[in-house]
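Commentary on secondary and tertiary structure
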Amino acid sequence: MKIYTQRLENKTFDDNVESIELNFDTRQKSRFRATLKDRSDIGADLPRTGILRSGSFIATEAGEILRVDAKAEKLMQVSSNSSFDLLKAAYHLGNRHVPLMLTPEALYFEPDHVLAEMIIGLGLAVSEVEHPFEPESGAYAQHQHDHRLSPIKALHHVGH
């Protein structure tokens with residue numbers, strides 16, 4: 001079994017690199033086992049320096065590289081025709097320290113019926129969807145480049 005022990009930060013590789021889809025829970029762990037598409041098992045024993053974001057790369061001691069992608073998983077999607085209502089929902093969810101993914105059109109969080117009822121009570125639509133989960137890392141986390149809009153740009157974009 002291949003054991004991946006290194007995070008390759010700020011690197012890009014060609015599309016021929018092998019990849020694996022992992023859910024958010026697994027991508028938060030520094031140690032895990034997983035199965036590749038060819039059904040071979042791998043292990044990870046990574047430094048504890050944050051979560052693996054979709055598009056991250058990890059490597060073995062021998063230099064074998066693996067791209068980690070976010071796997072679609074069951075999430076609650078919050079949507080509204082009003083950017084202000086979406087902002088208000090983000091405030092209330094953030095106030096409860098819920099891992100939250102922000103996009104210009106919707107908010108996503110892990111299934112929780114109590115939180116869903118709260119959001120519905122605020123007048124927003126909540127639905128269960130399958131979607132990759134990339135929650136915000138927090139204001140004090142090290143910035144990692146991704147291809148989504150920043151929260152400020154996303155809010156500005158929603159208003160237009």
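Residues numbered from 1 in each chain as written. Predicted model: local features only at pLDDT ≥ 70, side-chain atom pairs only at ≥ 80, totals over all residues. Heavy atoms only, no water.

As a further point, take the overall build of the protein chain. Each helix and strand in the protein chain was counted, giving 4 helices and 10 strands. When the helices and strands of the protein chain are listed from N to C terminus, the series reads β-β-α-β-β-β-β-β-α-β-β-α-β-α. Looking at the protein chain as a whole, 36% of its 160 residues qualify as buried. For the protein chain, the share of sequence-separated contacts (at least 6 apart) that also reach a separation of at least 24 residues comes to 67%. (Helix = DSSP H or I, 4+ residues; strand = E, 2+ residues; numbered from the N terminus. Buried < 20%, exposed > 50% of the residue type's maximum accessible area, 1.4 Å probe, protein only. Contact = heavy atoms within 4.5 Å.)

What follows is about the pattern of salt bridges. Side-chain pairs of opposite charge can arise where the charged atoms are in close proximity. One pass over the full model with this rule turns up 7 salt bridges. With a shortest N-O distance of 3.9 Å, Arg 33 and Asp 41 are connected by a salt bridge. Judged by its relative accessible area of 59%, Arg 33 falls in the exposed class. What makes Asp 41 partly exposed here is its relative accessible area of 37%. Linked through salt bridges whose partners overlap, the residues forming this network are Arg 27, Arg 53 and Glu 134. (Salt bridge = Lys/Arg side-chain N within 4 Å of Asp/Glu carboxyl O.)

As a packed pair, helix α2 (residues 83-95) and helix α3 (residues 113-121) sit with axes 10 Å apart at the nearest point and diverge in direction by 145 degrees. The two elements α2 and α3 cross, and the hand of that crossing is right-handed. Residues Ala 89, His 92 and Leu 93 of α2 touch α3, and the partners they reach there are Leu 115, Met 118 and Ile 119. Residue classes in the contact of α2 with α3 are distributed as 5 nonpolar, 1 polar and no charged. (Axes fitted to C-alpha atoms, helices over the stretch in contact; angles between N-to-C directions. Left-handed = near helix turned anticlockwise from the far one by under 90°. Nonpolar A, V, L, I, M, F, W, Y, C, P; charged D, E, K, R; others polar.)

Turning our attention to the nonpolar core. Among the nonpolar cores identified, the biggest contains 16 residues, and Val 78, Leu 93, Leu 100, Leu 107, Phe 109 and Ile 119 are the most heavily contacted of them. For this core, the elements supplying multiple residues, two or more each, are β7 (72-79), α2, β9 (106-109) and α3. It is α2 that provides the largest number of residues to this core, a total of 4 residues. What Phe 109 contacts, discounting residues up to four positions off in sequence, is Leu 75, Met 76, Val 78, Leu 93, Val 98, Pro 99, Leu 100, Leu 115, Ala 116 and Phe 133. Counting residues in hydrophobic clusters, the runner-up holds 13 residues, among them Tyr 4, Leu 46, Ile 58 and Val 68. (Core = buried A, V, L, I, M, F, W, Y, C linked by side-chain atoms within 4.5 Å.)

We now examine the packing of aromatic side chains. Enumeration over the complete set of coordinates arrives at 1 aromatic pair. Considering the side-chain rings of Phe 24 and Phe 133, the 5.2 Å spacing of their centres and the 80 degrees angle between planes classify their relative orientation as edge-to-face. Here Phe 24 is found in helix α1 (residues 24-27), whereas its partner Phe 133 is found in the loop between β10 (125-132) and α4 (151-158), with 109 residues between them in sequence. For Phe 24, a relative accessible area of 6% translates into the label buried. With relative accessibility at 0%, the residue Phe 133 sits in the buried group. (Phe/Tyr/Trp six-rings, centres within 6.5 Å; stacked < 30°, edge-to-face > 60°.)

This paragraph deals with the pairing of strand β1 (residues 2-8). Relative to strand β4 (residues 41-45), β1 runs parallel, the two sharing 3 bridges. Within β4, the residue paired with Tyr 4 across the bridge is Ala 44. Pairing of β1 with strand β5 (residues 56-60) involves 4 bridges; the strand directions are antiparallel. Counted as the bridge partner of Arg 7 is Ile 58 from β5. (Pairing = 2+ DSSP bridges.)

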